[in-house]
Amino acid sequence: MVVDSKQTPQNHQQSNGFVFKPFLIGISGGTASGKSSVCGKIVQLLGQNEVDYHQKQVVILSQDSFYRVLTLEQKVKALNGQFNFDHPDAFDNKLILKTLKEITEGKTVQIPVYVFDSHYRKEEMVTIYLADVVLFECILSFYSEELRDLFQIKIFVHTDADARLSRRVLRDISERGRDLEQILSQYLTFVKPAFEEFCLPTKKYTDVIIPQGVDNLVAINLIVQHIQHILNGRLSKQQTNGCLGGYTPAHKRQASESRSHTH
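First, a word on what this report is: a plain description of the structure on this page. None of these values were measured; they are calculated from a predicted model. (Residues numbered from 1 in each chain as written. Predicted model: local features only at pLDDT ≥ 70, side-chain atom pairs only at ≥ 80, totals over all residues. Heavy atoms only, no water.)

### What about empty space enclosed by the protein?
Next, step 1: Inspection of every chain in the model, using the stated rule, returns three cavities of 30 Å³ or more.
Next, step 2: What the second largest cavity holds in volume is close to 50 Å³.
Next, step 3: In the lining of the second largest cavity, the residues fall into six nonpolar, two polar and one charged. (1 Å grid on protein atoms, 1.4 Å probe; cavity = no way out; pocket = protein on both sides within 12 Å on 5 of 7 lines; lining within 4 Å. Points joined across faces, edges and corners; volume = space filled by probe spheres on them. Nonpolar A, V, L, I, M, F, W, Y, C, P; charged D, E, K, R; others polar.)

### Observations regarding a nonpolar patch on the surface
Next, step 1: On the surface, a cluster of nonpolar side chains totalling about 240 Å² of accessible area is made up of I173, L180 and L184.
Next, step 2: Mapped onto the elements, I173 comes out in helix α5 (residues 161–175). (Patch = residues over 30% accessible without salt bridge, like charges linked within 9 Å, V, L, I, M, F, W, Y side chains within 5 Å. Areas by Shrake-Rupley, 256 points an atom, 1.4 Å probe, with all protein chains shown as cover. Salt bridge = Lys/Arg side-chain N within 4 Å of Asp/Glu carboxyl O. Helix = DSSP H or I, 4+ residues; strand = E, 2+ residues; numbered from the N terminus.)

### Quick notes on the pairing of strand β8 (residues 133–137)
Put simply, side chains in a regular strand alternate between the two faces of the sheet.
Next, step 1: With five of its five residues buried, β8 lies for the most part within the structure.
Next, step 2: Burial of β8 is two-sided: the residues V133, L135 and E137 facing one way and the residues V134 and F136 facing the other way are all buried.
Next, step 3: Relative to β8, strand β2 (residues 23–29) runs parallel, the two sharing five bridges. The residue bridging F23 from the neighbouring strand is V133, located in β8. (Buried < 20%, exposed > 50% of the residue type's maximum accessible area, 1.4 Å probe, protein only. Pairing = 2+ DSSP bridges.)

### Focus on the sheet that holds strand β3 (residues 58–62)
Next, step 1: In space, the five strands of this open sheet follow the order β3-β8-β2-β9-β10, with parallel pairing throughout. Two strands close off the open sheet at either side, each with one partner strand: β3 and β10 (208–211). Mean inter-strand twist for the sheet, computed between neighbouring axes without regard to direction, equals 20°.
Next, step 2: Pairing analysis gives five bridges linking β2 to strand β9 (residues 153–158), with the strands arranged parallel. (Axes fitted to C-alpha atoms, helices over the stretch in contact; angles between N-to-C directions.)

### What about the environment of C138?
Next, step 1: Position of C138 relative to the elements: it lies in the loop between β8 and α4 (145–148).
Next, step 2: Under the relative-accessibility criterion, C138 is labelled buried at 2%.
Next, step 3: Counting along the chain gives 107 residues from C138 to T31, while the straight-line C-alpha distance between them is 9.1 Å.
Next, step 4: Apart from residues lying up to four places away in sequence, C138 is in contact with I27, S28, G29, K35 and Q63. (Contact = heavy atoms within 4.5 Å.)

### Overview of helix α1 (residues 35–45)
Next, step 1: Within the span of α1, buried status applies to K35, V38, C39, I42 and V43. When α1 is viewed along its axis, its buried side chains cluster within an angular range of 135° and face the same direction.
Next, step 2: After α1 finishes, the residue G47 shows a positive phi value of roughly 70°. (Arc of directions from axis to C-beta.)

### Re the state of the cysteines
Next, step 1: The full count for this structure, using the stated rule, is zero disulfides.
Next, step 2: For the unlinked cysteine C138, the closest cysteine sulfur is that of C199, found at 8.5 Å.
Next, step 3: Classification of C199 as buried rests on a relative accessible area of 3%. (Disulfide = S-S within 2.5 Å.)

### Things to note about the layout of surface pockets
Where empty space is left can be seen by rolling a probe of water-molecule size over the atoms.
Next, step 1: Its boundaries defined by the atoms lining it, the largest pocket holds a volume of some 450 Å³.
Next, step 2: Looking at the lining of the largest pocket, the elements that each hand over two or more residues are α1 and α5.
Next, step 3: A total of five residues in the lining of the largest pocket trace back to one element, the largest contributor, which is α5.
Next, step 4: Each residue belonging to the lining of the largest pocket can be placed in one class, and the counts come to seven nonpolar, six polar and 10 charged.
Next, step 5: Approximately 340 Å³ is the volume found for the second largest pocket.
Next, step 6: Considering the residues around the second largest pocket, the lining is formed by 18 residues, among which I60, L61, S62, S65 and I128 are closest to the centre.
Next, step 7: Elements represented by at least two residues in the lining of the second largest pocket include exactly α1, β3 and β7 (125–128).
Next, step 8: Per element, the largest residue contribution to the lining of the second largest pocket is five residues, and it comes from β3.
Next, step 9: For the lining of the second largest pocket, the per-class residue count stands at 12 nonpolar, three polar and three charged.

### Some thoughts on α5
Next, step 1: Taking 1.5 Å of rise per residue, 15 residues should cover 21 Å, and α5 covers 20 Å from first to last C-alpha, within 8% of that figure.
Next, step 2: For α5, the secondary structure elements touched by its buried residues are α6 (180–199).
Next, step 3: The backbone nitrogen of D162 has a side-chain oxygen 3.0 Å away, supplied by the residue at the start of α5, namely D160. (Expected span 1.5 Å × (residues − 1). Polar contact = N/O pair within 3.5 Å; in protein donor to acceptor, adjacent residues only side chain to side chain.)

Take a look at the structure:
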């Protein structure tokens, strides 16, 4: 969903001063552990995967959007597999924090589009409209205390290291144009040490651990049930009270806005 760069994010606020606050869920885990697949499965089971983006109640944000713009020297290293994309400094952490804070304030946000094979950001942005639940997946979701304190639920996807490596090899060859030797060298030099130093220790901060990633349907279904309970609870409050504290479910408010704004 590409937006006009002139569009200004809006604060969805009712006349009585009430600001809608989405429920923010953080999902972490090692490289190729299945974070994106878990998020996708949750959205699918909630029936949100084919919903128009104005109507979505559950949306996904990915770390892949927030890599830093590289200098020329860094870009040369990246093209040769010598740049550490798993280090905290590889991410635009200020932008991640700013974006998630704006989401919790009920704002529509614009997300960068990062191109992996050439390591740059596109000029066009992706719009994330207000939703009831936001899933943010990143290998370092819980590394920063300020960031992890934003999440109402923190989930860690745990997958065997051999399985993660094999998945990364297949992904990087097919999606990111890298060769096997470069992938293995990068994994041993940067990915594995960074996981052990920066990602794995954050497992202690999580509320839920999902072994075996997307294959663990029992755990995923429990999370889906919890999210559905959140969505049903908000809808029932709105129906019971007419407009509790000025709250209108995100998907209904967006539908109304889409009739009055050109996107």
